[in-house]
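So you can see what is in the structure, the chains are spelled out below.
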Amino acid sequence: MSILRKITRLFRPSPAPRIPSSFPGSIAIIGSGSWATAIAKIVLESEQRIGWYFRSQSSIDEFKRLGHNPKYLTDVVFDTERIDFYTDMDQIVHQHDTLIFITPSAFLKSQLKSLSVPLYTKFIVTAIKGIIPDENMVCTEYFRKEYGVPERNLLVIGGPSHAEEIALGRLTYLTIGCTSMDRATIFAHRLRNDYVRITTSQDVIGIEYAAVLKNVYAIAAGICLGLRYGDNFLSVLISNAMQEMQRFLSTILPTDRSIVGSAYLGDLLVTGYSNFSRNRVFGQMVGRGYSVRSAQMEMNMIAEGYFGVKCMTEINRRHQVEMPILDAVYNILYNNASPRSEIKRLSAKLK
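Here the structure is a predicted model, which is why all the values come from computation and not from measurement. (Residues numbered from 1 in each chain as written. Predicted model: local features only at pLDDT ≥ 70, side-chain atom pairs only at ≥ 80, totals over all residues. Heavy atoms only, no water.)

Novice: Residue-level account of the overall build of the protein, with values.
Specialist: A count of helices and strands for the protein gives 16 helices and ten strands. What you see for the protein is a C-alpha radius of gyration of 20 Å, in line with the 20 Å of a compact globule of 351 residues. Projected onto the principal axes, the alpha-carbon positions of the protein cover approximately 60 × 45 × 35 Å. Evaluated residue by residue, the protein yields a buried proportion of 56% over its 351 residues. Considering only contacts within the protein whose residues lie at least 6 apart along the sequence, 71% involve residues at least 24 apart. Of the roughly 15,600 Å² of accessible surface on the protein, a fraction of 49% belongs to carbon and sulfur atoms. Positive and negative charge centroids in the protein, built from 40 and 32 side chains respectively, lie 4 Å apart. (Helix = DSSP H or I, 4+ residues; strand = E, 2+ residues; numbered from the N terminus. Rg over C-alpha atoms; globule rule 2.2 N^0.38 Å. Buried < 20%, exposed > 50% of the residue type's maximum accessible area, 1.4 Å probe, protein only. Contact = heavy atoms within 4.5 Å. Areas by Shrake-Rupley, 256 points an atom, 1.4 Å probe, with all protein chains shown as cover. Lys, Arg positive; Asp, Glu negative; His and termini not counted. Charge placed at Lys NZ, Arg CZ, Asp CG, Glu CD.)

Novice: Now, about the pattern of salt bridges: what can you tell me, with residues and values included?
Specialist: Counted under the stated rule, the structure contains eleven salt bridges. Salt-bridge contacts for Arg190 lead to Glu47; the nearest nitrogen and oxygen are separated by 2.6 Å. In this pair, Arg190 is assigned in helix 8 (residues 181-191) and Glu47 in the loop between helix 2 (34-43) and strand 2 (50-53), connecting sequence segments 143 residues apart. The salt bridge involving Asp267 is made with Lys129; its shortest N-O contact spans 3.9 Å. Here Lys129 lies in the loop between strand 5 (123-126) and strand 6 (131-132) and Asp267 lies in helix 11 (residues 262-273), a separation of 138 residues in the sequence. Since its relative accessible area comes to 12%, Lys129 is described here as buried. (Salt bridge = Lys/Arg side-chain N within 4 Å of Asp/Glu carboxyl O.)

Novice: Any chance you could break down helix 2 for me, citing the residues and the numbers?
Specialist: Most of helix 2 sits inside the fold, with ten of its ten residues counted as buried. Of the positions making up helix 2, those classed as buried are Ser34, Trp35, Ala36, Thr37, Ala38, Ile39, Ala40, Lys41, Ile42 and Val43.

Novice: Requested: an account of the sheet that holds strand 5, with residues and values cited.
Specialist: Reading across from one edge, 3-2-1-4-5-8-9-10 is the order of the eight strands in this open sheet, with mixed pairing throughout. The open sheet is flanked by strand 3 (83-86) and strand 10 (196-201), the only strands paired with a single partner. Across the sheet, the mean angle separating the axes of adjacent strands is 25° when strand polarity is ignored. Strand direction decides the pairing type here: strand 4 (residues 98-101) and strand 5, joined by four bridges, are parallel. (Pairing = 2+ DSSP bridges. Axes fitted to C-alpha atoms, helices over the stretch in contact; angles between N-to-C directions.)

Novice: Give a detailed account of helix 3 (residues 57-66), specifying residues and quantitative values.
Specialist: By the burial criterion, the buried members of helix 3 are Ser59, Ile60 and Phe63. For helix 3, the arc enclosing every buried residue in end-on projection is 100°, short of the 170-degree limit, so these residues lie on one face. Those residues of helix 3 hidden inside the fold are in contact with strand 2 and strand 3. Just downstream of helix 3 lies Gly67, where phi reads positive at about 85°. (Arc of directions from axis to C-beta.)

Novice: How would you summarise the environment of Ile157 if you had to cite specific residues and measurements?
Specialist: Among the structural elements, Ile157 can be located in strand 8 (residues 154-158). Distance in space between the C-alpha atoms of Ile157 and Ile128 is 8.1 Å, their sequence separation being 29 residues. Apart from residues no more than four positions distant in its own chain, Ile157 is found in contact with Trp35, Ile39, Ile100, Val125, Thr126, Ala127, Leu174, Thr175, Ile176, Phe187 and Leu191.

Novice: With reference to specific residues and values, describe unusual backbone geometry.
Specialist: Geometrically, the link from Phe23 to Pro24 is a cis peptide bond, its omega value of 0° lying close to zero. With respect to the secondary-structure elements, Pro24 resides in the loop between helix 1 (3-11) and strand 1 (27-30). A cis amide bond links Gly159 to the next residue, Pro160, at an omega of 10°. Topologically, Pro160 is positioned in the loop between strand 8 and helix 7 (163-167). Phi at Asn136 takes a positive value of approximately 55°, unusual for a residue other than glycine. Relative to the elements of secondary structure, Asn136 occurs in the loop between strand 6 and strand 7 (137-138). What makes Asn136 buried here is its relative accessible area of 13%.

Novice: Report on the environment of Ile219, specifying residues and quantitative values.
Specialist: Mapping Ile219 onto the fold places it in helix 9 (residues 204-226). Each C-alpha atom, one on Ile219 and one on Ser59, is 30 Å from the other, the two residues being 160 residues apart in sequence. Beyond its immediate stretch of four places on either side in the chain, Ile219 contacts Asn279, Phe282, Gly283, Gly305, Tyr306, Val309, Val329 and Leu333.

Novice: So, the packing of helix 9 against helix 14 (residues 304-319): which residues are in play, and what are the values?
Specialist: Running from N to C, helix 9 and helix 14 point in directions that differ by 115°, and their axes come no closer than 8 Å. It follows that helix 9 is roughly perpendicular to helix 14 by the angle criterion. As helix 9 packs across helix 14, the resulting crossing turns out to be left-handed. Here helix 9 contributes Tyr209, Val212, Leu213, Asn215, Val216 and Ile219 to the contact with helix 14, which in turn contributes Glu304, Gly305, Tyr306, Gly308, Val309, Met312 and Ile315. Tallied by class, the residues present in the contact of helix 9 with helix 14 amount to nine nonpolar, three polar and one charged. (Parallel < 35°, antiparallel > 145°, perpendicular 65-115°, else oblique. Left-handed = near helix turned anticlockwise from the far one by under 90°. Nonpolar A, V, L, I, M, F, W, Y, C, P; charged D, E, K, R; others polar.)

Novice: Let's hear about the nonpolar core: which residues, and what values?
Specialist: Membership of the largest hydrophobic core comes to 54 residues, with the highest contact counts inside it found for Leu237, Phe282 and Leu333. Broken down by secondary-structure element, the contributors of at least two residues to this core are helix 9, helix 10 (231-252), helix 11, helix 12 (278-287), helix 13 (292-298), helix 14, helix 15 (324-334) and helix 16 (339-347). When residues in this core are grouped by element, the largest group, 13 residues, is from helix 9. Residues within four places of Leu237 in sequence aside, it is in contact with Ala220, Ala221, Cys224, Ile325, Leu346 and Leu350. (Core = buried A, V, L, I, M, F, W, Y, C linked by side-chain atoms within 4.5 Å.)

Here it is as structure tokens:
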């Protein structure tokens, strides 16, 4: 954190922090997209009330009028009497104990820029499947280093899951990661319901990096589909992506993890193969000849993997892990390489 930022926060008036008496206490959702809407649906299955942050009052007004999110998962109907809506970040942070952040990683830093209420007294749950650009940190690392949130107060929600299937009430499996297994278990219990099953893990950083990488590989899968490669090639691509993920995770954080677990292989499969995957759709458009910019403009949702490709490439320059799929996608998206030529070169390296 810069010296100027520290000085600014030191002299900025802020409400006295509330220390939560027990975990998880009152819960708030920070974010208003499809994934945030799906998580809100899950949380409201067990909680009487939640807080929910939207950037604009007009979106809240429309939500209250319609009884659903006006832009995302519009078939999911909410009892708005059980939701306290906010457009002020300080207010929602001050009023709630557990904050579930579900915003695009590229916007998290700017979203928190004006925050004056301390976060170190809160329980922070991140369901963000991305890395903070410029900082090149996964979200829990960012909250710990920039806002002083203790490690045991940081949790992650991992996949495999699609918001669209949660909206339909289809059986879904999530993974809750926390260095404190007690807190992971308690939070998992609060989210379980008839259509949500949950496992717990202490591999917080591994789950976060796996969530970033699976988006990168879903873009690669989409590019190959756009180039009219078939299922035979795609299966080899995904198999090699799994090996690539394992090499990276074993390098940055060696631990006794099962890479074939749901939070790793499962999340990669659901993102690489499903038509619900926005990263795969984005890659498919690029493979069909769209420019990166035109593909982004045509989609009404953000493909986290686009930012993840750049961040992961910069992070891997320090670690020097062999990651040919990541390199190929980076060259296509950021170096204007021909998708057809780049995938052809990549195919020679796959086994």
